[in-house]
Amino acid sequence: MSELQDLYQELILDHNAHPRNVGVIDGCTHHAEGVNPLCGDTLKLFLDVKDGVIRDAKFQGAGCAISTASTSLMTQTLKGKTTAEATSVLAAFHALLTGDGGPPPNPELLGKLLAFAGVREYPSRVKCATLAWHTLDAALHHKGEPVSTE
Ligand code: FES
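Just so it is clear, the structure is predicted and the values come from calculations on it, not from any experiment.

S.K.: Could you give an account of the pattern of salt bridges, with specific residues and numbers?
M.R.: Applying the stated criterion to the full structure yields 3 salt bridges. In this structure, R20 engages D14 in a salt bridge whose closest nitrogen and oxygen atoms are separated by 2.7 Å. Relative accessible area serves as the criterion here: at 25%, R20 is assigned to the partly exposed category. By relative accessible area, which is 29% here, D14 ends up partly exposed.

S.K.: Please set out the pairing of strand β2 (residues 41-50) residue by residue, giving values where relevant.
M.R.: Relative to β2, strand β1 (residues 30-36) runs antiparallel, the two being bridged by 7 bridges. Within β2, the residue paired with H30 across the bridge is L47. Here β1 folds back onto β2, and the loop between the two strands holds 4 residues, one of which, G40, carries a positive phi near 85°. Hairpin geometry of β2 and strand β3 (residues 53-61) is characterised by an intervening segment of 2 residues between the two adjacent antiparallel strands and by a positive phi of about 50° at D51.

S.K.: So what's going on with unusual backbone geometry? Residues and values would help.
M.R.: Not every positive phi belongs to a glycine, and N21 is a case in point at roughly 65°. On the basis of relative accessible area, N21 is assigned to the buried category, the value being 15%. A positive phi angle, close to 50°, is found at D51, a residue other than glycine. Within the fold, D51 resides in the loop between β2 and β3.

S.K.: With reference to specific residues and values, describe helix α3 (residues 83-98).
M.R.: The terminal C-alpha atoms of α3, which comprises 16 residues, lie 22 Å apart, in line with the 22 Å expected from a rise of 1.5 Å per residue. Taken together, the buried positions of α3 are A86, V89, L90, A92, F93, A95, L96 and L97. In the segment just after α3, G99 is the residue with positive phi, at about 75°.

S.K.: Describe the packing of α3 against helix α5 (residues 123-140), listing the residues and the values that go with them.
M.R.: Here α3 crosses α5 at 155°, and the two axes come no closer than 10 Å. Here α5 runs roughly antiparallel to α3, going by the angle between their axes. Relative to α5, the crossing made by α3 is left-handed. Mapping the contact onto sequence places T83, A86, T87, V89, L90, F93, L97 and T98 in α3 and V126, A129, T130, W133, L136, D137 and L140 in α5. Split by residue class, the contact of α3 with α5 holds 10 nonpolar, 4 polar and 1 charged.

S.K.: I'd like a description of the sheet that holds β1, backed by residues and values.
M.R.: Across the sheet, 4 strands lie side by side as β3-β2-β1-β4; this open sheet has mixed pairing. Of all the strands in the sheet, the pair left with one neighbour each is β3 and β4 (147-148). As paired strands, β1 and β4 are joined by 2 bridges and run parallel to one another. Bridge pairing in β4 links V35 to S148. Sitting on the sheet, α5 touches β1, β2 and β4, and the angle it makes with β1 is about 150°.

Conventions adopted
- Residues numbered from 1 in each chain as written.
- Predicted model: local features only at pLDDT ≥ 70, side-chain atom pairs only at ≥ 80, totals over all residues.
- Heavy atoms only, no water.
- Salt bridge = Lys/Arg side-chain N within 4 Å of Asp/Glu carboxyl O.
- Buried < 20%, exposed > 50% of the residue type's maximum accessible area, 1.4 Å probe, protein only.
- Pairing = 2+ DSSP bridges.
- Helix = DSSP H or I, 4+ residues; strand = E, 2+ residues; numbered from the N terminus.
- Expected span 1.5 Å × (residues − 1).
- Axes fitted to C-alpha atoms, helices over the stretch in contact; angles between N-to-C directions.
- Parallel < 35°, antiparallel > 145°, perpendicular 65-115°, else oblique.
- Left-handed = near helix turned anticlockwise from the far one by under 90°.
- Contact = heavy atoms within 4.5 Å.
- Nonpolar A, V, L, I, M, F, W, Y, C, P; charged D, E, K, R; others polar.

Structure below.
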């Protein structure tokens, strides 16, 4: 395993053991609930958006290590970004994990999220990594119903 892969592994383990931004945002402007039907794990995401900028992002739930780490890193990444920038990161992350649709992975845009590149080799875990991002898409577009990774 390369040094970089080791670092990425460390990052995922750290964010699973110590997830950032866990909680609820009272009076949030955007929220959504997501579910991974393969395991039944659910996730609630809360955003505080003002003047098109995501000022805060928190979550509750999530399941396995990959899902928890992905959600934690996503909330860190979102803070301070415009909703348009968040949509670009979402598309880049999707492309990183699936290789289809959207723009090709953009290393500059993804930053630490590149840690999840290896998940692509494990199709059953891709939904774990993308659960948070499906939920983000729903939250940004005010979809009322819980969204699924299917
Ligand atoms: Fe449920 Fe990964 S096993 S989200």
